[in-house]
Amino acid sequence: MTEPSRTVEVERKYDVDEGTPLPDWTAIPGVDAVSPGEHRALDARYLDTADGTLARAGVAVRRRSGGPDEGWHIKGPRQGDGRVEQCWPLGGEEIPTAVREAIATWTTAPLEPLARIENDRTAYLLTGPGGVVAEFVDDHVHATDLRSGTRRAWREWEVELGPAAPSDDAGRAAFFAAIERAVRAAGGREAGSDSKLARALGF
């Protein structure tokens, strides 16, 4: 079985209006520079069983092209403040055997297309003396519920911790509190949905 890359994703999501200006990150502890924006055109197709077994388990399976981590992804159930994400090379349209074996913990039933999410993303790195503290992304999302044909569009921000982020709970809490103050000052607000897939499906 092909060994996937594994990362622990710790992030916060925020809803913003189309014309909301980007936040001012100058007051964020540990951040002394912000990289120029990098544009990424992302196209993801999510799959699940006919009765939504993976969704009920808090698991998401997708094939995504575009961006530095394109490939087949499995996002596992939330554990504490994060989720483990596994990634395999993109390959073809067929679900790789390694992915099927990895999700066998939750289901061996056939998977079918659930949603398509096209994302016009601009990514920024928030860096400090130790390296990347966080990645901030400005997402313009167009989603299609492939079961009903319903299309939805929205804009959202995500801030995901990087390798130089605080490693202790208190440090992380202070960091995200400062992020939230900057987001709210710019006009952002807490996300109404905890995932793009849920929002694509109307949840």
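The rules we used
Residues numbered from 1 in each chain as written. Predicted model: local features only at pLDDT ≥ 70, side-chain atom pairs only at ≥ 80, totals over all residues. Heavy atoms only, no water. Helix = DSSP H or I, 4+ residues; strand = E, 2+ residues; numbered from the N terminus. Expected span 1.5 Å × (residues − 1). Buried < 20%, exposed > 50% of the residue type's maximum accessible area, 1.4 Å probe, protein only. Arc of directions from axis to C-beta. Contact = heavy atoms within 4.5 Å. Salt bridge = Lys/Arg side-chain N within 4 Å of Asp/Glu carboxyl O. Phe/Tyr/Trp six-rings, centres within 6.5 Å; stacked < 30°, edge-to-face > 60°.

**Student:** Explain helix α3 (residues 169–186) to me, please; I cannot follow it from the model alone.
**Tutor:** Because an α-helix packs 3.6 residues into every turn, residues spaced three or four apart end up facing the same way. A rise of 1.5 Å per residue sets the reference length of α3, with its 18 residues, at 26 Å; its end C-alpha atoms lie 26 Å apart and thus fit the reference within 8%. All of the buried residues in α3 are Gly171, Phe175, Phe176, Ala178, Ile179, Ala182, Val183 and Ala186. The buried residues of α3 occupy one face: seen down the axis, they fall within an arc of 155°. With respect to the buried face of α3, the exposed residues turned more than 90 degrees away are Asp169, Ala170, Arg181 and Ala185. Contact partners of the buried residues in α3: β2 (11–16), β8 (112–128), β9 (131–145), β10 (151–161) and β11 (189–190). Positive phi appears at glycine 187, one or two residues downstream of α3, with a value of about 115°.

**Student:** What am I meant to see in the pattern of salt bridges here?
**Tutor:** Where charged atoms from two side chains of opposite charge come close, those side chains can pair. According to the stated counting rule, one finds 23 salt bridges in the structure shown. Put simply, arginine 12 and aspartate 81 hold a salt bridge, and the shortest N to O gap is 3.3 Å. Here arginine 12 is found in strand β2, whereas its partner aspartate 81 is found in the loop between β6 (71–79) and β7 (82–88), with 69 residues between them in sequence. With a shortest N-O distance of 2.9 Å, aspartate 15 and arginine 199 are connected by a salt bridge.

**Student:** Where do I start with the packing of aromatic side chains in this structure?
**Tutor:** One pair of aromatic rings is described through two measures. These are the centre distance and the angle between the planes. Applying the stated criterion across every chain, the model contains 4 aromatic pairs. A centroid spacing of 5.6 Å and a plane angle of 75° characterise the contact between phenylalanine 136 and tryptophan 157, whose relative ring orientation is edge-to-face. You can see phenylalanine 136 sitting in strand β9 and its partner tryptophan 157 sitting in strand β10, a full 21 residues away along the chain. Relative accessible area serves as the criterion here: at 1%, phenylalanine 136 is assigned to the buried category. The buried category is assigned to tryptophan 157, whose relative accessible area is 0%.

That is the geometry; function is a separate question.
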